[in-house]
Amino acid sequence: MNVWWLSEASHSGLTHVLLSAAALVMATSLISRQLTLSLQNNFRLSAAGSRYISKAAAKAQLDYDYDGPLMKTTVPGPRSQELMKQLGEVQNVGAVNFFCNYDDSRGNYLVDVDGNRMLDLYTQISSIPIGYNHPALLKLMANPNNLSTFVNRPALGILPPENFPDKITESLISVAPSGMTRVQTMACGSCSNENAFKSMFIWYRNKERGHNSPSEEDLSTCMINQAPGCPDLSILSFMGGFHGRTMGCLATTHSKIIHKLDVPSFDWPIAPFPRLQYPLEEFTRENAQEEARCLEEVEDLIVKWRQKGRPVAGIVIEPIQAEGGDNHASPDFFRKLRGIARKHGCAFHADEVQTGGGSTGKFWAHEHWGMEDPADIVSFSKKLLSGGYFYRDELQADKPYRIFNTWMGDPSKNLFLAEVLNVIRRENLLEEVARSGKALLDGLYDLQAQFPGLLSRARGQGTFCAVDVCDAATRDRILLQTRDKGVILGGCGESSIRFRPALIFRDYHVHLFLNIFSDVLAHNK
């Protein structure tokens, strides 16, 4: 038996070496191809230029970026349509926009399978931090010391790799929000929030019991989905919020009907989110009254749900409601909301799945609130490449396996994140985001003044910007027309357009976009 095990181990080791060598060859080949394409296209495009480049834009070409959009077909093109039909035989493809050529995509540009090169201001729903095929990330793939991290995906909760504590410290802990000392890695935004909710419930019940030991009744009733083992607790969320599509998260998601229709849900309290009037400086009094109204409603709901026997264990909120329409509130609103959570003994959860990672000009959007004690839990995903949540010591699960799944994240994503953070620091990308974000928002202000019948309520922090269109049908038409001219944008809310470029988006790209967008708007006025 021991001989058989050694034989198997030797065979496994040889296989691992062969796989590692193959991975190294593939990574090196990809890097070589990217560098060749970069040289070819920089030469060709610097000669050809782009008719859309603004005279006012100082060109700051990245050596791994293209020089402008290049459109060959409408989108989706023939090859995309062919692939959509093929995939439609085995999957629902109703949400598919087009198929991509990720090998040829670089920097701020996404290339589709029909050869269309588009300036991407949506970045896979705000999830590409430093552009496509960044050389620093490709270089990681060619490092033989990293191969086992890419080849193997361990069950982190029970068998983490030797370097995992160092890599977590180097990546996630280095950007931990104020007051946060712990982090739990997860795979995506929904499972991050789902497990954050569980942490809040466990914390709240232990606080109610005054100890960590459940009663015999707790143990027996939880197995049949009954109280007190499965307590009637709740989480307060906000109308317009989006926190995921899994069952628990869906009870706190209130942005689109398509997310929730036909799915059973929990009876949890839903508070109104402030609906601010723009320009902000002209509606100071009205907006303050609106925020006060919403805060009063939050307190009323907490009291009502306690009286109903379903106490609010936690409050979850986005610093900017993204899916729901890029809805903002003032720092004062969030500071007062945090105070309400403390007053009523609720955990306070800032969902930074979409806002985290630098796109607002600060690494965390809640840093704009100016608080030393902003939250008890901060969840993340998207631009941080993996998922998870930071939390205070007191929300540490009291027993193993209470917050658990097979993978609990992916070490290779933490490796990439550490390098992304190096690039952000080395290239001062947060300062770049603030600079290009100002140019973008100023441009949107100008366009809404030029096209008052089409655009209104331009708003944003950093490059995390949005503008409203007169109606949903016009918004959707403008999105398609802009895409056919070589720019990818996203929609949100009832009739808003949202902007989610990578952190390497510069002034040059802003003016490139604004000129194209202006052309599209002129055809729709």
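Residues numbered from 1 in each chain as written. Predicted model: local features only at pLDDT ≥ 70, side-chain atom pairs only at ≥ 80, totals over all residues. Heavy atoms only, no water.

This part takes up empty space enclosed by the protein. Rolled over the atoms, a probe with the dimensions of a water molecule shows which regions are left empty. Here the structure, examined in full by the defined rule, presents 1 cavity of 30 Å³ or more. For the largest cavity, the calculated volume is near 30 Å³. Residue lining of the largest cavity: Thr149, Asn163, Lys167, Pro411 and Leu415, and that is the complete set. Considered class by class, the residues forming the lining of the largest cavity number 2 nonpolar, 2 polar and 1 charged. (1 Å grid on protein atoms, 1.4 Å probe; cavity = no way out; pocket = protein on both sides within 12 Å on 5 of 7 lines; lining within 4 Å. Points joined across faces, edges and corners; volume = space filled by probe spheres on them. Nonpolar A, V, L, I, M, F, W, Y, C, P; charged D, E, K, R; others polar.)

Our focus in this paragraph is the nonpolar core. One finds Leu236, Phe238, Val298, Ile315, Phe333 and Leu337 to be the most contacted residues of the largest nonpolar core, which totals 79 residues. The element best represented in this core is helix α7 (residues 189-209), accounting for 8 residues. Beyond its immediate chain neighbours, meaning those up to four positions away, phenylalanine 238 contacts His254, Ile270, Ala271, Pro272, Phe273, Val298, Ile315, Val316, Ile317, Gln321, Phe333 and Leu337. Judged by nonpolar contacts, the second largest core, of 32 residues, contains Ala439, Leu444, Ile478 and Leu514. (Core = buried A, V, L, I, M, F, W, Y, C linked by side-chain atoms within 4.5 Å. Buried < 20%, exposed > 50% of the residue type's maximum accessible area, 1.4 Å probe, protein only. Helix = DSSP H or I, 4+ residues; strand = E, 2+ residues; numbered from the N terminus. Contact = heavy atoms within 4.5 Å.)

It is a general feature of regular strands that their side chains alternate between the two faces of the sheet. Within strand β7 (residues 347-351), 5 of the 5 residues are buried, which leaves it mostly tucked inside the rest of the structure. Residues Ala347, His349 and Asp351 line one face of β7 and the alternating positions Phe348 and Ala350 line the opposite face, and both faces are buried. Pairing of strand β6 (residues 312-317) with β7, which is carried by 4 bridges, proceeds in the parallel orientation. Across the sheet, isoleucine 315 pairs through a bridge with phenylalanine 348, a residue of β7. With helix α12 (residues 331-343) bridging β6 and its parallel neighbour β7, the resulting β-α-β unit is right-handed. (Pairing = 2+ DSSP bridges. Right-handed = clockwise from strand over helix to strand, strands pointing away.)

Topologically, threonine 474 is positioned in helix α15 (residues 472-484). Look past the residues within four positions of threonine 474 in its chain and what remains in contact with it is Leu454 and Val469.

The next subject is the environment of glycine 493. Among the structural elements, glycine 493 can be located in the loop between β13 (490-492) and β14 (496-499). Setting aside its immediate chain neighbours within four residues, glycine 493 contacts Glu323, Gly324, Gly325 and Arg475.

Turning our attention to the packing of helix α4 (residues 135-142) against helix α13 (residues 411-426). For the pair α4 and α13, interaxial distance at closest approach is 9 Å and the crossing angle is 145°. Two packed elements cross with a definite hand, and for α4 against α13 that hand is right-handed. Here α4 contributes Ala136, Leu137, Leu140 and Met141 to the contact with α13, which in turn contributes Leu415, Phe416, Glu419, Val420, Val423 and Arg426. Each residue belonging to the contact of α4 with α13 can be placed in one class, and the counts come to 8 nonpolar, no polar and 2 charged. (Axes fitted to C-alpha atoms, helices over the stretch in contact; angles between N-to-C directions. Left-handed = near helix turned anticlockwise from the far one by under 90°.)

Applying the stated criterion across every chain, the model contains 19 aromatic pairs. Note on phenylalanine 238 and phenylalanine 273: the rings are 6.2 Å apart at their centroids and 90° apart in plane angle, and the pair reads as edge-to-face. Of the two residues, phenylalanine 238 sits in strand β4 (residues 234-238) while phenylalanine 273 sits in the loop between β5 (270-271) and α11 (284-307), which places them 35 residues apart along the sequence. For the pair formed by phenylalanine 238 and phenylalanine 273, the shared burial category is buried. Relative to tryptophan 268, the ring of phenylalanine 266 has its centre 4.8 Å away and its plane inclined at 10°; by these criteria the two rings are stacked. Overall, the relative accessible area of 48% leaves phenylalanine 266 in the partly exposed class. In this structure tryptophan 268 comes out as buried when scored by relative accessible area, which is 10%. Cation over ring: arginine 117 sits above tyrosine 66, and NZ or CZ is 4.5 Å from the ring centre. For arginine 500, the ring lying beneath its charged end belongs to phenylalanine 464, and the centroid distance is 3.5 Å. (Phe/Tyr/Trp six-rings, centres within 6.5 Å; stacked < 30°, edge-to-face > 60°. Lys NZ or Arg CZ within 6 Å of the ring centre and 35° of its normal.)

For any two helices packed against each other, one specifies the inter-axial angle together with the distance between the axes. Where α15 contacts helix α16 (residues 507-522), the two axes come as close as 10 Å, and the packing angle between them is 130°. Considering the angle they form, α15 stands oblique to α16. Classified by chirality, the crossing of α16 by α15 is right-handed. Contacts between α15 and α16 involve Ile478, Gln481 and Thr482 on the former and, on the latter, Phe517, Val520 and Leu521. For the contact of α15 with α16, a count of residues per class yields 4 nonpolar, 2 polar and no charged. (Parallel < 35°, antiparallel > 145°, perpendicular 65-115°, else oblique.)

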